[in-house]
Amino acid sequence: MSAPAARWEALAPQMRASLETFRMEAPTHGGLSRQAAGALAGALAGALVASYTAWRRCRR
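Below, the structure is looked at part by part.

Conventions used here
Residues numbered from 1 in each chain as written. Predicted model: local features only at pLDDT ≥ 70, side-chain atom pairs only at ≥ 80, totals over all residues. Heavy atoms only, no water. Helix = DSSP H or I, 4+ residues; strand = E, 2+ residues; numbered from the N terminus. Rg over C-alpha atoms; globule rule 2.2 N^0.38 Å. Buried < 20%, exposed > 50% of the residue type's maximum accessible area, 1.4 Å probe, protein only. Areas by Shrake-Rupley, 256 points an atom, 1.4 Å probe, with all protein chains shown as cover. Expected span 1.5 Å × (residues − 1). Bend = angle between axes of the 7 residues up to and from the residue. Phe/Tyr/Trp six-rings, centres within 6.5 Å; stacked < 30°, edge-to-face > 60°. Patch = residues over 30% accessible without salt bridge, like charges linked within 9 Å, V, L, I, M, F, W, Y side chains within 5 Å. Salt bridge = Lys/Arg side-chain N within 4 Å of Asp/Glu carboxyl O.

### Some thoughts on the overall build of the protein chain
Thinking step 1. Check the secondary structure of the protein chain and you find 2 helices and 0 strands.
Thinking step 2. Here the C-alpha radius of gyration of the protein chain, 28 Å, is well above what a compact globule of 60 residues would show, namely 10 Å.
Thinking step 3. With the principal axes as the frame, the protein chain shows a C-alpha extent of 85 × 25 × 15 Å.
Thinking step 4. For the protein chain, buried positions account for 3% of its 60 residues.
Thinking step 5. Within the structure as shown, the protein chain displays about 5900 Å² of accessible surface, and the carbon and sulfur contribution to it stands at 60%.

Shown next, in the form of structure tokens:
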């Protein structure tokens, strides 16, 4: 916030009162969405299958 010194003196009590009542709201949504979690699970499963296939080919 920026204010000239004289204006700040006039606003200081209101600003302090406003800052004292400020509180952080807890986030209502956290983590991954279902779509993102499903995509991640699918990608990990695909990587596992590809890794297994490559491992099998190397053993032959």
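### A look at helix α1 (residues 5-21)
Thinking step 1. Between its first and last C-alpha, α1 extends 24 Å over 17 residues, near the 24 Å set by a 1.5 Å rise per residue.
Thinking step 2. Along its length, α1 shows its largest kink, about 55°, at Leu11, and proline Pro13 lies within four residues downstream of that point.

### Focus: the packing of aromatic side chains
How two aromatic rings sit relative to each other is given by the distance of their centres and the angle of their planes.
Thinking step 1. Across all of its chains, the model carries 1 aromatic pair by this definition.
Thinking step 2. Measuring from ring centre to ring centre gives 5.9 Å for Tyr52 and Trp55, while their planes differ by 35°; the resulting arrangement is tilted. Placement of the pair is Tyr52 and Trp55 together in helix α2 (residues 34-59), with a separation of 3 residues, close to one helical turn.
Thinking step 3. You can call Tyr52 partly exposed: its relative accessible area is 47%.
Thinking step 4. Trp55 sits in the partly exposed class, given a relative accessible area of 45%.

### Here we look at a nonpolar patch on the surface
Thinking step 1. Taken together, Leu32, Leu40 and Leu44 make up a surface patch of nonpolar side chains, about 320 Å² in accessible area.
Thinking step 2. Within the secondary structure, Leu40 sits in helix α2.

Honestly, that's just the spatial picture; any functional story needs more than this.
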